[in-house]
Amino acid sequence: MRSLKLGAVALLALSLVGCGMAPGAMVSGDKAVSALGKAGDPFALMTFFALDNDLDNGTGIVSRLNSAAAASSKTPAVTLYDGSRDNDSVYYVQTPGRSVEKASVGEVDSGTAKGLADFMAFGAPKVTGKRRVLSMADHGGGIVRGICSDWNGPGGKKIIHMPEVAGVLQSTPVDMMLFDACFMGMAEVAYELRGKADVVIGAQTTTRGDFPYAEIVETLDRNVDATNQEAAKAVLKDVAANANYTVAFGAVDVTKMDAVAQQMKQLVAVMAPKVPTMKKQMQQAIGAAQAYAWETDPGMAMYNSYKDFGDVMAQFEKLGDPAIAKAAADVKAAVKEAVLAESHRSGGMFSREKLDRVSGVALYAVAGGSVESKYLTRAWSRDTGWGDLLVKINGGGAWGPAVAPDKYPHAFPSKR
């Protein structure tokens, strides 16, 4: 086992690569990294195990990943492990057929954009000319609460929000984004990553943090000639096959999210002037849509507003207003076009809850509550007007103000 020596000069060079410079190539901030290579270039798997919290189960997951990458003929792995102990953060580089290299890096604050940016700056030079697959693994809270919560870093608990992830990937984009965490399979999440990733795989539901990384390496090996979209479908099958509980996963073509947003903007324009006379019906339609969480704890209740995107549109089609029905149908068609594949199961060994109207991607949709103020700052809300429409639909209710800040920013789903 060799050690990586990272002197000041080397670190500076890595930082420059992370800002978009690579030997013989330049990464554009608005194109995915596949522009660096050609069709058929091997994939490289980058894993950000931000486990500095109650999810830390040791480095076994890293060992299994490295064993698979060592046995691989094509797919290297670059990994951060940040566990719950002090100064236990380690970078790993596993090249096929070679011994793993590792570098202890003290205590990474993996709940910050800087922690992610430093990892990308370290890892990007190791996979130059490859198609990059990035997996972020930890607690997830979707578009409102973000992903990767560091509970033990300096300054208290922190988490990375999706605009911050997008900012990091602006200079080091990836081809495929995997979210090994709860509730990250959202339209708003995919939309934030436009130009930073081609495809996104995530769960609309809670998960158990069990992406099968060894199988994913083997799948990437078999799909070196596939498009990013084709490879994502294959990876989704691995992820879904490993889950034996109530769960829904989806793979979304990020390159098609602008078209979805455009249709959503048109729907908002149709619905907004009709809110005064149809508010109750609109609330009921959202409330009837397929839910992904059934939380009762106050800190978790926000997740009940993560609804199935396609089914929200299906409920709007039933409102009896022809203009709304037409606009909602157009959104639903665009969603279907953007979702490459979905896989879900109901029941299983842990739950009897039923998922029967799943489209493969979720949407933040509040009915009978307050809209999270952070949501109104997200790109999807700003560009489509959906957040403002939700405020109108929920305004004037007995439950409180139409807009409110998140009181529980580090509360995560109970159904792990």
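Refer to the structure printed above.
In what follows, the accompanying structure is described. Keep in mind it's a predicted model, so treat the numbers as computed, not measured.

What counts, and where the lines are drawn
- Residues numbered from 1 in each chain as written.
- Predicted model: local features only at pLDDT ≥ 70, side-chain atom pairs only at ≥ 80, totals over all residues.
- Heavy atoms only, no water.
- Buried < 20%, exposed > 50% of the residue type's maximum accessible area, 1.4 Å probe, protein only.
- Helix = DSSP H or I, 4+ residues; strand = E, 2+ residues; numbered from the N terminus.
- Pairing = 2+ DSSP bridges.
- Phe/Tyr/Trp six-rings, centres within 6.5 Å; stacked < 30°, edge-to-face > 60°.
- Contact = heavy atoms within 4.5 Å.
- Polar contact = N/O pair within 3.5 Å; in protein donor to acceptor, adjacent residues only side chain to side chain.

## Notes on the pairing of strand E5 (residues 77–82)
For E5, a buried count of six out of six residues is recorded, marking the element as mostly surrounded by other parts of the structure. The alternating pattern of E5 places Ala77, Thr79 and Tyr81 on one face and Val78, Leu80 and Asp82 on the opposite face, and all of these are buried. Pairing geometry for strand E4 (residues 43–50) and E5, over six bridges, is parallel. Of the residues in E5, the one forming a bridge with Leu45 is Ala77.

## What about the packing of aromatic side chains?
Under the criterion given, the structure shown has 14 aromatic pairs. A centroid spacing of 6.0 Å and a plane angle of 45° characterise the contact between Tyr91 and Phe119, whose relative ring orientation is tilted. Pair noted here: Tyr91 is in strand E6 (residues 90–94) and Phe119 is in helix H3 (residues 113–123), with a separation of 28 residues, a long-range link. Here Tyr91 matches Phe119 in class, with each residue buried. Seen in terms of ring centroids, Phe183 and Tyr306 are 5.7 Å apart; in terms of plane orientation they differ by 75°. Their pairing is edge-to-face. Placement of the pair is Phe183 in the loop between strand E11 (176–180) and helix H6 (187–192) and Tyr306 in strand E14 (residues 306–308), with a sequence separation of 123 residues. Taken as a pair, Phe183 and Tyr306 share a single burial class, namely buried.

## Focus: the environment of Ser72
In this structure, Ser72 sits in the loop between helix H2 (60–71) and E5. Spatially, the C-alpha atom of Ser72 lies 7.4 Å from that of Gly97, the residues being 25 residues apart in sequence. Ignoring anything within four residues of it in the chain, the contact list for Ser72 reads Pro96, Val217 and Asp221. Of the polar contacts made by the side chain of Ser72, one reaches the side chain of Asp221; its length is 2.7 Å.

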